[in-house]
Amino acid sequence: MDAIIYVAIFLTGIVFGSFFTLAVYRIPRKENIVYGRSHCTSCNHKLGFWDLIPILSYIFLGGKCRYCGEKIRIRYLLLEIFSGFVFLAIALTHGIENIVNLCFIYLFIAGMFIIAGIDKEKYEIPNGLCIYELFVAIFHLLYSYYTKSFDYRYTVYALIVPLIFYILDKLFSVLYKDENKVPIGYGDIKYLALIGLMFGFPIQITSIVISTFVTLVGILIHRYKEIPWGYYLTIATIMVLIIEPYIANTLNFIII
Ligand SMILES: [Zn+2]
């Protein structure tokens, strides 16, 4: 029975993955992410049911658009498989006993994937996505309060670092008299606060530390005009989430 649940989680991750690519494409273009048929980005032909099955369509179409023959970027396929594995990895390390909590994590991660994709391409974190994440985080807090696993320190401490960043940003923008000269974007600060609200202070602070290493690697590989920190923060947070059960004792040590 457990095996079936794990397979279902893996497939859910893959389906979410194909939704992420759609959302990353449509949200910055202000297109509706729920309605409206997907179309080929090259020839604009509307895609049918058989063109939209995650992974399988890509394989059977030979990685090309059925209508114009334009190559479909392999990264779409890789992202689908990758998100399937992320969903599966979290289920494997956290266990599936607390399936409600797991669902909250997946709902939040879904937003994180889309935020990461948009931040990497457009250097911005859309407000709508922040509001979505805020709702998931609040309902998750209510759930943990209801199940008596709530610890106010996890939430209160999680606001400290975003607050410090916010004050530093304000100081910088006053010093340079330029809103664009702030070291960290306001979108990134909001996102960081949301991660803290959702996962608590220990995971948040560990993710910040790891994200600095991930960002350094990213800067060495890419040449950015601006650093999409939200993107690297997402990678770091997902890494921490996957190994969280193994470092739980160390993480709790952070809370005094
Ligand atoms: Zn086409």
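**Observations regarding the environment of Thr215**
Part 1 of the reasoning: If you trace the backbone, Thr215 turns up in helix H9 (residues 201-221).
Part 2 of the reasoning: According to the relative accessible area criterion, Thr215 is buried, its value standing at 8%.
Part 3 of the reasoning: Once the C-alpha coordinates of Thr215 and Val86 are considered, the two residues, 129 residues apart in sequence, prove to be 20 Å apart.
Part 4 of the reasoning: Excluding residues that lie within four positions of it along the chain, Thr215 makes contacts with Ile227, Trp229 and Tyr232.

**Comments concerning the nonpolar core**
Part 1 of the reasoning: Among the nonpolar cores identified, the biggest contains 50 residues, and Ile90, Phe108, Ile109, Met112, Ile114 and Phe199 are the most heavily contacted of them.
Part 2 of the reasoning: Taken together, the elements giving at least two residues each to this core come down to helix H1 (2-26), helix H3 (74-94), helix H4 (99-122), helix H5 (127-146), helix H7 (160-175), helix H8 (186-199), H9 and helix H10 (229-254).
Part 3 of the reasoning: The greatest single-element share of this core, amounting to 12 residues, is contributed by H4.
Part 4 of the reasoning: When we break this core down by domain, the ones giving at least three residues each are domain 1 (1-97) and domain 2 (103-256).
Part 5 of the reasoning: Apart from the residues lying within four places of it in its own chain, the contact partners of Phe108 are Glu133, Val136, Ala137, Leu194, Ile195, Met198 and Phe199.

**Thoughts on the coordination of the zinc ion**
Part 1 of the reasoning: Each protein donor to the zinc ion is listed here as Cys40 (SG), Cys43 (SG), Cys65 (SG) and Cys68 (SG); together their distances run 2.3 Å.
Part 2 of the reasoning: With 4 donor atoms in place around the zinc ion and angles of 103 to 118 degrees between them, the coordination shape is tetrahedral.
Part 3 of the reasoning: When the donors of the zinc ion are listed by position in the chain, the intervening gaps give C-x2-C-x21-C-x2-C. Here the residue Cys40 occupies a position in the loop between H1 and helix H2 (56-60), and Cys65 occupies one in the loop between H2 and H3, the gap between them amounting to 25 residues.
Part 4 of the reasoning: For Cys40, a relative accessible area of 9% gives the class buried.

**Details of the pattern of salt bridges**
If charged atoms from side chains of opposite charge come close, those side chains can pair.
Part 1 of the reasoning: For the coordinates displayed, the defined rule picks out 4 salt bridges.
Part 2 of the reasoning: Of the charged contacts in the structure, one is a salt bridge between Glu31 and Arg26, with a shortest N-O distance of 4.0 Å.
Part 3 of the reasoning: On the basis of relative accessibility, which here comes to 31%, the residue Glu31 falls in the partly exposed class.
Part 4 of the reasoning: Note that Asp51 is salt-bridged to Arg66, the shortest N-O span being 2.6 Å. Placement of the pair is Asp51 in the loop between H1 and H2 and Arg66 in the loop between H2 and H3, with a sequence separation of 15 residues.

**Describing the domain arrangement of the protein chain**
Part 1 of the reasoning: Parsing the protein chain into structural domains produces domain 1 (1-97) and domain 2 (103-256).
Part 2 of the reasoning: For domain 1 and domain 2, the distance between their C-alpha centroids amounts to 25 Å.
Part 3 of the reasoning: Carbon and sulfur atoms supply 82% of the area buried between domain 1 and domain 2, which totals about 1,700 Å² over both sides.
Part 4 of the reasoning: Ranking the residues of domain 1 by area buried against domain 2 places Val24, Ile90 and Thr93 at the top, with a combined share of 31%.
Part 5 of the reasoning: The interface formed by domain 1 and domain 2 includes 1 salt bridge.
Part 6 of the reasoning: As a salt-bridge pair, Arg75 and Glu121 come within 3.0 Å of each other at their nearest N and O atoms.
Part 7 of the reasoning: Along the contact surface separating domain 1 from domain 2 lie 4 residue pairs in polar contact (both at pLDDT 80 or more).
Part 8 of the reasoning: If you list the elements that add at least two residues to the side of domain 1 that touches domain 2, you get H1 and H3.
Part 9 of the reasoning: Top contributing element to the side of domain 1 that touches domain 2 by residue count: H3, with 11 residues.
Part 10 of the reasoning: Within the side of domain 1 that touches domain 2, the residues separate by chemical class into 15 nonpolar, 3 polar and 1 charged.

Thresholds, definitions, all that
- Residues numbered from 1 in each chain as written.
- Predicted model: local features only at pLDDT ≥ 70, side-chain atom pairs only at ≥ 80, totals over all residues.
- Heavy atoms only, no water.
- Helix = DSSP H or I, 4+ residues; strand = E, 2+ residues; numbered from the N terminus.
- Buried < 20%, exposed > 50% of the residue type's maximum accessible area, 1.4 Å probe, protein only.
- Contact = heavy atoms within 4.5 Å.
- Core = buried A, V, L, I, M, F, W, Y, C linked by side-chain atoms within 4.5 Å.
- Domains from an automatic or database assignment.
- Donors = N, O, S within 2.8 Å, 3.2 Å for Na, K, Ca; no water.
- Tetrahedral: all angles 85-135°; square planar, octahedral: opposite > 155°, others 65-115°.
- Salt bridge = Lys/Arg side-chain N within 4 Å of Asp/Glu carboxyl O.
- Buried area = accessible area lost by both parts, 1.4 Å probe.
- Polar contact = N/O pair within 3.5 Å; in protein donor to acceptor, adjacent residues only side chain to side chain.
- Nonpolar A, V, L, I, M, F, W, Y, C, P; charged D, E, K, R; others polar.

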